Amino acid sequence: MTYELYFHKYKPESFLANLGLTMDDFIYVYHTYCENRDFIFLEDFMLSLHFCWKYPTAHEGASIWKLRSRQAYAKKVWRPILILAEQMDEIKMENRCDSVVHFTGPGEACTMYTDSTDCMVHKPKHGDAKAYYTFKRRKFAMRYAITVACDTGDICWVSDGYPAGSIGDININRRAGIVDRLQSWERIGADGAYLSKANPEYRCPHRKPRGGSLTRKQIEENNEFGHKRTIVENVFARLKQFAAMRQWRHAYHLHIATTRFIFQLLQVKQRFRPIRKIYKNSLEYTIRVAKSWQQAEKTCFRPASQPKKKRGRPKRSRSAHEDNGDAHQVVVSSDTDSDDNIDEKGLNLQPNRFSAHCVGEQLDVISRRRRRRQRKNMRAKK
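No experiment lies behind these values; they were computed from the predicted model shown. (Residues numbered from 1 in each chain as written. Predicted model: local features only at pLDDT ≥ 70, side-chain atom pairs only at ≥ 80, totals over all residues. Heavy atoms only, no water.)

S.K.: How should the overall build of the protein be read in this particular structure?
M.R.: The number of helices and strands found in the protein is 11 helices and 9 strands. Split into buried and exposed, the 382 residues of the protein put 43% on the buried side. Contacts spanning at least 24 positions in sequence make up 68% of the contacts within the protein whose residues lie at least 6 apart. Carbon together with sulfur atoms contributes 50% to the accessible area of the protein, which is approximately 22,800 Å² in total. (Helix = DSSP H or I, 4+ residues; strand = E, 2+ residues; numbered from the N terminus. Buried < 20%, exposed > 50% of the residue type's maximum accessible area, 1.4 Å probe, protein only. Contact = heavy atoms within 4.5 Å. Areas by Shrake-Rupley, 256 points an atom, 1.4 Å probe, with all protein chains shown as cover.)

S.K.: Explain the nonpolar core to me, please; I cannot follow it from the model alone.
M.R.: Nonpolar side chains in soluble globular proteins tend to end up buried together. In this structure, Phe45, Phe261 and Phe263 are the most contacted members of the largest nonpolar core, which totals 62 residues. With 9 residues, the top contributor of residues to this core is helix H9 (residues 252-272). Excluding anything up to four places from it in sequence, Phe45 contacts Phe26, Val29, Tyr30, Cys34, Ile40, Pro80, Leu84 and Phe261. In this structure, Cys156, Leu182, Ala190 and Tyr202 belong to the second largest nonpolar core, which totals 18 residues. (Core = buried A, V, L, I, M, F, W, Y, C linked by side-chain atoms within 4.5 Å.)

S.K.: Please clarify how the pattern of salt bridges should be interpreted in this entry.
M.R.: Pairs can form between side chains of opposite charge once their charged atoms are near each other. Taken as a whole and assessed by the stated rule, the structure comprises 9 salt bridges. The closest approach of N and O atoms between Asp44 and Lys76, which form a salt bridge, is 3.2 Å. Remark: Lys76 occurs in helix H6 (residues 70-87) and Asp44 occurs in helix H4 (residues 42-54); sequence separation between them is 32 residues. Note that Arg143 and Asp118 form a salt bridge whose closest N and O atoms lie 2.8 Å from each other. Highlighted residues: Arg143 in strand E3 (residues 139-149) and Asp118 in strand E1 (residues 110-120), separated in sequence by 25 residues. Judged by relative accessible area, which is 7%, Asp118 ranks as buried. A single salt-bridge network, built from bridges that share partners, covers Asp115, Arg229 and Glu233. (Salt bridge = Lys/Arg side-chain N within 4 Å of Asp/Glu carboxyl O.)

S.K.: Any chance you could explain the packing of aromatic side chains here in plain terms?
M.R.: Evaluation of the coordinates by the stated rule reveals 14 aromatic pairs. The interplanar angle of 90° and the centroid separation of 5.0 Å between the aromatic rings of Trp53 and Phe242 together place this pair among those described as edge-to-face. Separated by 189 residues along the polypeptide, Trp53 in helix H4 and Phe242 in the loop between helix H8 (216-239) and H9 bring together distant segments of the chain. Across this residue pair, the class does not change: Trp53 and Phe242 are buried. (Phe/Tyr/Trp six-rings, centres within 6.5 Å; stacked < 30°, edge-to-face > 60°.)

S.K.: I'm lost on unusual backbone geometry in this one. Help?
M.R.: Peptide bonds are trans in most cases, and residues, glycine excluded, mostly fall at negative phi. In this structure, Tyr55 is a non-glycine residue whose phi angle is positive, near 50°. Relative to the helices and strands, Tyr55 is located in the loop between H4 and helix H5 (58-64). Its identity is not glycine, yet Lys66 carries a phi of approximately 60°, on the positive side. Here Lys66 is to be found in the loop between H5 and H6. By relative accessible area, which is 60% here, Lys66 ends up exposed.

S.K.: Help me understand the packing of H4 against H9, please; the structure alone is not making it clear to me.
M.R.: If you want to describe how two helices pack, look at the angle between their axes and the distance between the axes. Between H4 and H9, whose axes approach to 11 Å, the crossing angle comes to 100°. With respect to their mutual orientation, H4 and H9 come out roughly perpendicular. On H9, the residues touching Phe45, Leu49 and Cys52 of H4 are Thr258, Phe261, Ile262 and Leu265. Here the contact of H4 with H9 is built from residues that sort into 6 nonpolar, 1 polar and no charged. (Axes fitted to C-alpha atoms, helices over the stretch in contact; angles between N-to-C directions. Parallel < 35°, antiparallel > 145°, perpendicular 65-115°, else oblique. Nonpolar A, V, L, I, M, F, W, Y, C, P; charged D, E, K, R; others polar.)

Following this line, the structure appears as structure tokens:
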């Protein structure tokens with residue numbers, strides 16, 4: 001076939017350089033998800049991998065693979081991507097159970113680390129363009145959030161694509177309900193963007209107080225926590241190696257499917273070439289994982305979530321006003337009917353008797369009286 005010449009008769013170096021996968025990764029994905037499906041052929045699967053890794057134009061892709069037209073190339077490329085993005089199940093929350101839970105340092109009881117990344121797209125032709133514009137990159141982008149296992153780096157969850165300028169990092173996790181899927185003692189390590197009193201389940205680095213500085217111990221803990229959390233950035237570095245994640249010319253819904261497909265491929269790569277060299281299949285490491293999870297369930301507890309504060313002004317206590325023509329009298333409490341506590345203007349002088357907003361209402365009544373007298377005097381002069 002023609003593509004045999006392009007890949008030098010399936011040399012392992014050619015697979016990694018042109019498809020982004022090694023020979024072992026390619027064989028595993030094809031035999032697991034494509035071989036039993038008649039509508040995904042070997043050549044079509046290779047076209048899809050080459051499209052994600054190199055991101056050629058339709059004309060370039062058709063000339064490389066010796067196809068008759070650009071339409072035939074597009075049909076062969078998108079069918080495996082759309083199908084495998086839904087059928088592959090390498091990413092799941094159970095992947096975090098293969099990591100050891102640590103009980104010391106700032107990442108105490110953390111089973112996963114989370115973060116988000118922006119993938120550049122073209123400017124939208126219709127709709128709100130500001131929603132896709134990110135001032136951090138000064139470009140239009142789609143935002144994706146992931147969670148990875150703290151010790152192994154396995155991908156546990158991937159969000160849908162959101163406009164980068166319309167949603168924050170923590171709001172993506174809130175919409176997906178990540179916290180509700182965890183056990184009561186589990187924590188999620190994150191950066192300062194996830195710091196929130198409403199979600200104490202997120203472990204964040206120490207923040208410098210206003211007008212102060214961090215202690216030496218807090219600085220050391222932040223450095224250690226940042227060193228552990230870099231495993232999320234390593235996954236994003238692998239993601240951006242695919243050219244389709246650095247630029248995009250097609251529709252946005254195709255970008256979401258392609259990103260999900262590439263994340264599934266990254267988890268396959270993690271199976272054969274892990275980010276951190278941890279021997280997960282060894283008996284010693286399996287025993288460590290089991291003991292750490294048992295210890296965590298016994299000793300770690302999640303603090304109760306703090307209720308959200310109600311915004312807005314507090315409710316005012318009702319004060320009765322009697323309107324008798326031009327005279328406005330402020331009715332005070334029945335316990336203080338004596339004239340000793342009221343001045344000549346009708347303002348209550350008893351200390352600590354009324355709240356501030358109630359006194360404000362009385363001052364408003366006095367100002368209305370003054371304005372009324374001024375208008376009356378002006379009419380009399382005329």
